[in-house]
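# Reading the structure
Residue strings, one per chain:
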Amino acid sequence: MIVALILALSALLALFFLVRLTRGRTLNLNVLENPTEHIRSVDVEAFRNLVDPGEEEFLRTNLPPAEFRMIQRERLRAAVEYVSCAAQNAAILLRLADAGRRSSDLATAEAAEKLVNNALRLRLYALHAIPRLYLGMIFPGAGISAVRIVESYEQMTRQVVLLGCLQYPTRGVSAAL
Amino acid sequence: MTPLRLLWYCLWVTPHALQGMILLVMVRRRLDRQFPMFFLYTVFEVLQFVVLFTISQSHLQFGEAYARVYSVGLALSTAVRFSVIHELFGHFFRRYPTLDGVRQLLFRGTIVVMLLVAVGLAVSAPGNGADFLVRITYVLDRTVSALQCGLLISLLWFSRYFVLSWRSHAFGIALGLGILASVELATSAIWLHLGAFGNIAVNLFTMATYNCCVLIWIFCLTAEDRRPQYPTNRSPKLPTYDLEIWNQELERLLHQ
């Protein structure tokens, strides 16, 4: 009886997930209408500081263990927020760059392709990093790092600018370079 | 013929007639080359129906021979369905070579996890039908439904997480198979509770679900395969406000 109940509940959950995933598909497309409303800015320098192993080591040696654990937990909680923001931005850019891949201009298509790959990589790192950061909150001294996310985000930033320059050369984005 | 019997025959014959239409549509639109496994699955389902229907109308009716052919057909159909799911994994991730490793890991990982779950279920409730063949079919059906459900949900969830652009055809096939697998999982739970195959209400419900899934497949395969729609009045633009921030970030990086 219990196994039958578990099976029935699993099946219902599966159906629920399928319906939700189907709905999510249409919602994703709506993000493209107003990307600026969904993009959240990320302070890369602060983010880098939060996941810097050197900084962690400095705090460990200069603070009493209890205080270090408390601060480290706070830092990791903030890092999770940053990673989530970066991953969300990557998702939106992925959608936008996907359209750029079909551009007739070779340079634009190539830049969009690179941006798509990098945004995918960032989402993949985020998938690894978030559980690890939560693990780090449970064991604050474990030395969990998410440096790869920062690197990937910076790379993605450069590619967004490049794609922006190629798609909208008159906006003066290239002047900043 | 009683109305219930008539309904039963309608629900049995209709999806297979519609699957014949799916085959025609696929050949006409050359989708058989894009989805060879799904094409094979549809051919197999139609052939299996023809054989089973012929047996049921002969002097053998729904006897032992019917049960045997049904069990063998179910096993083969299940194997082909796995190939269809594998094919869908390929379709969803094909345009993104960066995720090639993830695709393989996801497919194998989900199979291992769901297999462990399904084997656990099979061991804890091996089925209590008298006939060995029926009992084995019972357990296998449950195991496979759980496995396929897990695979399809993980496929759809990951493709949503990675914001992959879903093509309507592949999406429709995955959705139909997913609904079918989850309803089969639910009915296997009911069979487990009742302790026997062949409850008429459960059978009718499963058959009605299969009809719905075939309709989803027809709808998706006859529709134009569209890419994600972007606003038509303007091309998708990179957000200017954020570009400014990124620009500043880049400038800072270049001056480091």
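The written sequence of each chain sets the order in which its residues are numbered from 1. Labels follow written order: the first chain is A, the first ligand is 1, and so on. For a predicted model such as this one, the threshold for reporting local features is a pLDDT of at least 70, and the threshold for listing and counting side-chain atom pairs is 80 or more; totals across whole chains, interfaces and linings nevertheless cover every residue.

### Let's talk about the overall build of chain B
Along its length, chain B carries 9 helices and 0 strands. Under the DSSP-based scheme used, a helix requires at least four consecutive residues in state H or I and a strand at least two consecutive residues in state E, with every element numbered from the N terminus. Beginning at the N terminus, the succession of helices and strands in chain B can be written as α-α-α-α-α-α-α-α-α. Classification of the 256 residues of chain B by burial places 34% in the buried group. Contacts spanning at least 24 positions in sequence make up 76% of the contacts within chain B whose residues lie at least 6 apart. Residue burial here comes from a neighbour count, namely the number of other C-beta atoms, placed from the backbone, that lie within 10 Å of the residue's own C-beta, with 20 or more meaning buried, 12 or fewer meaning exposed, and in between meaning partly exposed. Two residues form a contact once the distance between their C-beta atoms, set from the backbone, is within 7 Å.

### Things to note about the overall build of chain A
In terms of helices and strands, chain A carries 7 helices and 0 strands. Element order for chain A, N to C, with α for helix and β for strand: α-α-α-α-α-α-α. For chain A, with 177 residues in total, the buried portion stands at 37%. Within chain A, residue pairs in contact and separated by at least 24 positions form 72% of the contacts whose partners lie at least 6 positions apart.

### Re unusual backbone geometry
Backbone geometry places Arg30(B), a non-glycine residue, at a positive phi of 60 degrees. Residue position: Arg30(B) is located in the loop between helix H1 (3–28) and helix H2 (31–34).

### Let's talk about the nonpolar core
By definition, a nonpolar core groups buried Ala, Val, Leu, Ile, Met, Phe, Trp, Tyr and Cys residues that connect through C-beta atoms lying within 7 Å of each other. The biggest cluster of nonpolar side chains holds 85 residues, and the ones touching the most others in it are Leu152(B) and Ala174(B). Start and end points for every domain follow an automatic or database-based domain assignment. Three or more residues apiece are contributed to this core by two domains, here domain 1 (1–31) and domain 2 (40–176) of chain A. With residues near it in sequence (within four places) discarded, Leu152(B) still touches Ile85(B), Ala174(B), Leu177(B), Gly178(B) and Ala181(B).

### Considerations on the packing of H1(B) against helix H8 (residues 200–222) of chain B
All names here are of chain B. Angular values range over 0 to 180 degrees, each being the angle between N-to-C directions of two axes fitted as lines to C-alpha atoms, with helices fitted over their stretch in contact. Remark: H1 packs on H8, axes separated minimally by 9 Å, with the N-to-C direction vectors making an angle of 20 degrees. In terms of axis orientation, H1 runs roughly parallel to H8. Judged by the twist between their axes, the crossing of H1 over H8 is left-handed. From H1, Leu7, Trp8, Leu11, Trp12, Thr14, Pro15, Leu18, Gln19, Met21, Ile22, Val25 and Met26 reach across to H8, where they touch Leu204, Met207, Ala208, Tyr210, Asn211, Val214, Trp217, Ile218, Leu221 and Thr222. Gly is placed with the polar residues, together with every amino acid not listed as nonpolar (Ala, Val, Leu, Ile, Met, Phe, Trp, Tyr, Cys and Pro) or charged (Asp, Glu, Lys and Arg). Taken together, the residues that form the contact of H1 with H8 break down as 18 nonpolar, 4 polar and no charged. Roughly parallel covers angles under 35 degrees, roughly antiparallel covers those over 145, roughly perpendicular covers 65 to 115, and oblique covers all other angles. Working rule for handedness: look at the near helix, and if it is turned counterclockwise from the far one by less than a right angle, call the crossing left-handed; if clockwise, right-handed.

### Describing the confidence of the model for chain B
Residue and element names in this part refer to chain B. Confidence scores here are pLDDT values: one per residue, from the predictor, ranging 0 to 100. On average, residues of chain B score 80 in pLDDT, and 80% of them reach the 70 mark or higher. Least confident of the elements in chain B is helix H9 (residues 240–254), whose mean pLDDT is 53; most confident is helix H3 (residues 36–57), at 93. Across residues 229–235 the pLDDT falls below 50, and counting only partners more than four positions away or on other chains, this stretch makes 6 contacts in the model. Predicted as a complex, the structure gets a pTM of 0.75 and an ipTM equal to 0.72.

### Some thoughts on the packing of H1(B) against H3(B)
All names here are of chain B. Axis separation between H1 and H3 bottoms out at 9 Å; the angle between their running directions is 145 degrees. Along this stretch, H1 crosses H3, giving a crossing that reads as left-handed. Seen from H1, the contacting residues are His16, Gln19, Gly20, Ile22, Leu23 and Met26; seen from H3, they are Phe39, Thr42, Val43, Glu45, Val46 and Phe49.

### Observations concerning H1(B)
Residue and element names in this part refer to chain B. Expected helix span is given by 1.5 Å per residue-to-residue step, counting one fewer step than there are residues. With 26 residues, H1 extends 37 Å between its outermost C-alpha atoms, agreeing within 8% with the 38 Å of an ideal straight helix rising 1.5 Å per residue. Of all the positions in H1, only Pro15, Gln19, Ile22 and Met26 are classed as buried. Next to the buried residues of H1 lie H2, H3 and H8. Within two residues after H1, Arg30 carries a phi angle of roughly 60 degrees, on the positive side.

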